[in-house]
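# Examination of the molecular architecture
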Amino acid sequence: MTSRSVSDLAEVRDELHVVARDLLGKAGPGAEPGWDVLAASGWLGIEVPDEFGGADATFAEVAVIAEELGRAATRVPYLGAIVLGAGTLRAAAPGDGRAELLGQVAAGEALAVAVITGGDPAFRLTDGQGGRLRLNGEASFVPDAADASRLLVVAYPGDGVGDPVIVALNPLVPGLAITPTPLLDETRGLAEVQAGEVEVAPEEVWRFSGDPHAAVQRLRDRASVALACDSLGVAQAMLEKTVAYVKVRHQFGRPVGSFQAVKHACADMLVQIAVARELVAAAVDALTEPPEGPGAAEAAASVAASMAKSYTGTAAVDVAGKAMQLHGGVGYAREAGIHTYLKRAALNRDLFGSPIAHRARLASRYRPAAAGS
Amino acid sequence: MPALTADLEDFRTTVRDWCRAHIPADWRAAQTGVPDEENVAFQRWWFAQLRDAGYAVPHWPARWGGGLPVAQQAVLYQELAAHDAPRLVLAFVSIHHAAATLLEAGTEEQRSRHLPAILDGEIWVQGFSEPEAGSDLAALRTTAQRDGDRYLVNGQKLWASGATHADWCLLLARTDQAAPKRHGISYFLLDMRSPGIDVRPIQNAVGDSHFCEIFLNDVAVPTANLVGAENAGWQVAQATLGAERGLVMLELAERLGNAGFRWLTEACDQLGLLGDSLTADRLAGFETEITGLRALCLNLIERHQTGRAGPADASIVKLYYSELLQRMTGFGAEITGLPSHATLRKPASSGWESGAWMLDFIGSWEWTIPGGTSEIQRNIIAERGLGLPREAVA
């Protein structure tokens, strides 16, 4: 790739930022712009191949939308349906069901939500009586599952050690229960998904096109980095709101932003955001190339994802917390809306692996046993 | 592989081979505890090695012996750090600050006189701070009075690092007492062999004496050694202060990310603490922050190169590096515990940090104080970066 085309791409992404900021900013924090609006903007089919009506672009463009959704604290099922759902479809092996659903996703006609957990295999696909397949398992805090028109459940064979597959289910099938989880953060929808002896037809079981374990890891990393992007947007919004406020709020006869204690707090917010932005950019870059299967490049992508997720998750909570502090009594009042951002930042931090969990993953590379692996 | 990336990888291989062939394997042990003169001789030898390879001043224009593309400069610093090469301490001010000043504001004659000389080993010191002019540098009191075709300089400079070995000094002095304080300062090139100069080393908190006081008593400076216009010295200093920050910080960040982090991990391993979750958590946090810092430095260099650097970018990098260094060396001291208090001498080091963690920790204030304290950096970030109201400045 020449440097010219790199700068062209950067320009396209800058424009996407501007367009998204404008559209989402009008809606305001906690707003729910229609899914059809997002579809019309082309944001749902960003990574969908053009033969299915998508833009055939990359995760880097998805990341732009994720950051702007955080900045506006928008309530839409983008994480579950696009970052994870469309991502899962893209990683699935070609097939009629996948082709049809990809087209519907890009057009906004279907909301295909991936059910994928951060840790151990949560769903098992077993051979039941008469050779029929059965799905069992449960997962909590699944993004956007309650909004789904189709669920893409990542399931493992009964022994739990084989290759994961995708089980594409109508959410209304018997045995499947999806229960929304009420949250302090009202801008996100999480749900509990329970499968008890759900009957699965063979055509509902889709394979991953590449190495299935690498594909699942990639999906988790995508979720982590999309949340880091969201947190970056949250932090940036909180810094801007705070800077604007401390310039005009007067106490002791001068703007509070002229006091060094306030200034230095704002400077620290900017520094944290600058570092977070670098880590997020590196992680987005690493995830923009398709996964090649287990190997050094894939491991490096996971490292970059963990760094971005752990640092930015914490930084956004710090920044939103400082925003509340520097707004004084006004900031603590519900009307100011800062609580919305603080709650979203904290949920982002803890979804798909807390900073501690991600740092533990990073640190596993330091032990001599892990050397050279 | 794309052509540009392939070129860069070729360059990386070239530097790597050069490092393997030229860096003495035992230099750290050999240089630890040697007398000052021997250390200076080693620094001069290493500078000559880099110069002969074309690696000493890659950031200078091609005409003066540099001209490496920025991407290659970054690769050079990455590889030198990865191979624990000695760092250019003695020539630091010469190749960065002195050169930037001459290139930005010097006359053709001044450049021809000094840039080749620097490549031949001319050593420079910065004479800016004074006892009453620290954070408020523009309050400096050293005077330079016009006397025919020369100025007579009187006053006292402080925190001049490496002044005992310096041939020349970048000097700020007041040439107009009546003007507002930033408008009465001029920038000079001062020959350190001039009569009337007295250099006295000051012992710092870790016991080193590279910081010096410089007493100036009727020191004559030819008018030809004025840089920029008379009374425009403040602008010259401002224009050149941040110029090299990106590369300098990239080198230090790379050193921190290579030897620094490796020593820290090794220390934890030797204590059997790599499996301890609290220790592992701290290490992973530092690795993450160093990764962010390295990217931040690279980004700053690119933005500077393309004229897109923000007015607070250099301050962000300096502040973040200084405080990360302080936290990381503090953790090193904490984890190694009492033995680190009994390590009385720093080993020779490829990085700013040495692995003698308690001394490194104490020495980290050398980063949070000089070159604009962390408080001043935060003011700059808030005022220039975020547009917050300034305090009244005279």
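Residues numbered from 1 in each chain as written. Chains lettered and ligands numbered in written order. Predicted model: local features only at pLDDT ≥ 70, side-chain atom pairs only at ≥ 80, totals over all residues.

Let's shift gears to the packing of helix α8 (residues 245-270) of chain B against helix α9 (residues 277-305) of chain B. Residues and elements named next belong to chain B. Running from amino to carboxyl end, α8 crosses α9 at an angle of 165°, the nearest separation of the two axes being 8 Å. By the criterion of interaxial angle, the relationship of α8 to α9 is roughly antiparallel. Considering the relative orientation of α8 and α9, their crossing is left-handed. Facing Gly246, Leu247, Met249, Leu250, Ala253, Glu254, Leu256, Gly257, Phe261, Leu264, Thr265 and Cys268 of α8, the residues of α9 in contact are Thr279, Leu283, Phe286, Glu287, Ile290, Leu293, Arg294, Cys297, Leu298, Leu300, Ile301 and His304. A breakdown of the residues in the contact of α8 with α9 according to their chemical character gives 16 nonpolar, five polar and three charged. (Axes fitted to C-alpha atoms, helices over the stretch in contact; angles between N-to-C directions. Helix = DSSP H or I, 4+ residues; strand = E, 2+ residues; numbered from the N terminus. Parallel < 35°, antiparallel > 145°, perpendicular 65-115°, else oblique. Left-handed = near helix turned anticlockwise from the far one by under 90°. Contact = placed C-beta atoms within 7 Å. Nonpolar A, V, L, I, M, F, W, Y, C, P; charged D, E, K, R; others polar.)

So, about the domain arrangement of chain B. Residue and element names in this part refer to chain B. Domain boundaries in chain B define domain 1 (3-90), domain 2 (121-231) and domain 3 (244-385). In this structure, domain 2 and domain 3 have C-alpha centres spaced 30 Å apart. Residue-level contacts link four residues of domain 2 with seven residues of domain 3. Of the residues that constitute the side of domain 2 that touches domain 3, the class distribution is three nonpolar, one polar and no charged. (Domains from an automatic or database assignment.)

A word on the pairing of strand β7 (residues 190-200) of chain A. Residue and element names in this part refer to chain A. Where strand β3 (residues 133-143) meets β7, eight bridges bridge the pair, whose relative direction is antiparallel. Residue pairing for β7: Glu138 is matched across the bridge by Gln194. Strand direction decides the pairing type here: strand β6 (residues 176-181) and β7, joined by six bridges, are antiparallel. Note that in β7 the partner of Thr179 across the bridge is Glu192. (Pairing = 2+ DSSP bridges.)

Residues and elements named next belong to chain B. The element strand β5 (residues 185-191) is extensively covered by neighbouring structure, given that six of its seven residues are classed as buried. Taken together, the seven bridges between strand β4 (residues 168-174) and β5 define a ladder with antiparallel strand orientation. For Leu171, the partnering residue across the bridge sits in β5 and is Phe188. (Buried ≥ 20, exposed ≤ 12 C-beta atoms within 10 Å, placed from the backbone.)

Now for the nonpolar core. Core analysis: the largest hydrophobic core is formed by 229 residues, its most contacted members being Val115, Ala235, Leu270, Ala283 and Ala320 of chain A. Examining the composition of this core, we find that 18 residues originate from one element, helix α6 (residues 212-248) of chain A, more than from any other. By size, the runner-up hydrophobic cluster in this structure holds five residues, among which are Ala356, Trp357, Met358 and Leu359 of chain B. (Core = buried A, V, L, I, M, F, W, Y, C linked by C-beta atoms within 7 Å.)

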